[in-house]
Structures are given as structure tokens and as C-alpha cells.
Amino acid sequence: MQATFALDPDAPPLTQAASLALALLRAAKIRTWAELVVDPAPLAAVSVTPEQMALLNTHAGALTTLRVGPPMVTLAVCPECSRFTIVSGQAATSCPLTLGCTGKPQRASTAARLKAAPTAKDAPVETVDAAGRARSGDPHIHQS
Ligand SMILES: [Zn+2]
């Protein structure tokens, strides 16, 4: 079953991209974004919307520093000046990037995994039922 992820639409785009990237790394059990770029096959197990994919592509350069860890290496993005720092602990409480900037950098945390929709959950069950019926029907055909 494919996993999907929820992003905070109010966070800076780069924060959203980093959150999603960390969630994808966890889902794919890969430690760094750079490794995933080399071999994206594990991503087949997750579901990324076209908007989320565009977000990842737009910020691909910054995402190469991400690491699931431990220690986790993520980004803190200033919502005022849009610059970011690479952090492995807590983000700075005030913007260290632009002199006089009043922004408070937002640390990207791993995006939450969404629960599968009921319809997506029902579909595989029906498939199993159909396969079971087909298999139990086969012996009768061969016997007669
Ligand atoms: Zn700033």
C-alpha cells in the first residue's frame, strides 16, 4: 500500500519540501537524500502528488544536505527572508541569516504520514476475495 504525506501549507515552501523529503527517506529506509537521488526505486512504495514532486524538484539543491540520522540533519527556513540554515539540533530562535531580519526560522520536521483512505483500503480486500474464489473454482473444473 502506498503511503501519502501531509504538509503544512502555511510553512515556507522549502520547509515543506524538506519535511516531505525526510518523510520519504524514512518511508524508503534511506539515510540521505543524495542516496535516494542515485536510486529512487524505493519511492515506488510512496505516493507523491504532482505539486509535492514539483516542490521537491524546485528545492532539490537544498535537500541534498538532509539526513534521517541520527543525528537528523534538516533545514531551518526563515519565513521573512527565505534563507535557510542546516541544523541538526534546534533552530535559532531569531534569524541569523540577514542583519536586522525579524523572522523566526522554522525547522523542518518529518512530514506526517496520512492514513490510507477507506476506498484504498477496501480495494485490495476485494482483489483477494476474487482470487480466492477463482482458485477454489479451479479444482472443480479439472475434476469434471
Ligand atoms: Zn530572516
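The coordinates are above.
Residues numbered from 1 in each chain as written. Predicted model: local features only at pLDDT ≥ 70, side-chain atom pairs only at ≥ 80, totals over all residues. Heavy atoms only, no water.

Caption draft 1: Representation of the coordination of the zinc ion within the structure. Protein coordination of the zinc ion is provided by C78 (SG), C81 (SG), C95 (SG) and C101 (SG), with donor distances spanning 2.2 to 2.3 Å. One can describe the donor arrangement at the zinc ion as tetrahedral, given that its four donor atoms subtend angles of 103 to 121° at the metal. Each donor residue of the zinc ion lies on one chain, and together they are spaced C-x2-C-x13-C-x5-C. Pair noted here: C78 is in the loop between β2 (74–77) and β3 (84–87) and C101 is in the loop between β3 and β4 (106–107), with a separation of 23 residues, a long-range link. (Donors = N, O, S within 2.8 Å, 3.2 Å for Na, K, Ca; no water. Tetrahedral: all angles 85-135°; square planar, octahedral: opposite > 155°, others 65-115°. Helix = DSSP H or I, 4+ residues; strand = E, 2+ residues; numbered from the N terminus.)

Caption draft 2: Just the sheet that holds β3, in detail. One open sheet accounts for three strands, arranged β3-β2-β4; its pairing is antiparallel. Edge positions in the open sheet fall to β3 and β4, since each of these has one partner strand only. Here four bridges tie β2 to β3, and the two strands are oriented antiparallel to one another. Looking across to β3, one finds that L75 is bridged to I86. Running over the sheet, helix α1 (residues 13–28) touches β2, β3 and β4 and is turned about 165° from β2. (Pairing = 2+ DSSP bridges. Contact = heavy atoms within 4.5 Å. Axes fitted to C-alpha atoms, helices over the stretch in contact; angles between N-to-C directions.)

Caption draft 3: Structural view of α1. Counted at 1.5 Å a residue, the expected span for α1 with its 16 residues is 22 Å, and the 22 Å between its end C-alpha atoms agrees. Where burial is concerned, most of α1 is hidden: 13 out of the 16 residues are buried. Backbone geometry just downstream of α1 places K29 in the positive-phi region, at approximately 55°. (Expected span 1.5 Å × (residues − 1). Buried < 20%, exposed > 50% of the residue type's maximum accessible area, 1.4 Å probe, protein only.)

Caption draft 4: Molecular detail of the environment of T85. Within the element layout of this structure, T85 appears in strand β3. Residue T85 is classed as partly exposed on the basis of its relative accessible area of 23%. Those residues within four positions of T85 in sequence are excluded, and the remaining contacts are T74, L75, A76, P96 and L97.

Caption draft 5: Highlighting the nonpolar core. F5, L24, W33, L56, L63 and L66 are the most contacted members of the largest nonpolar core, which has 27 residues in total. Where this core is concerned, the elements lending two or more residues are α1, α2 (33–38), α3 (50–58), α4 (60–63) and β2. Considering each element in turn, this core owes the most residues, 10 residues, to α1. Setting aside chain neighbours within four positions, we find L66 in contact with A18, A21, L22, R31, T32, W33, V73, T74 and L75. (Core = buried A, V, L, I, M, F, W, Y, C linked by side-chain atoms within 4.5 Å.)

Caption draft 6: Just the pattern of salt bridges, in detail. Taken as a whole, this structure holds one salt bridge when the rule is applied. Residue R31 pairs with E35 through a salt bridge whose shortest N-O separation is 3.7 Å. With relative accessibility at 36%, the residue E35 sits in the partly exposed group. (Salt bridge = Lys/Arg side-chain N within 4 Å of Asp/Glu carboxyl O.)

Bear in mind that shape data such as this cannot, by itself, settle questions of function.
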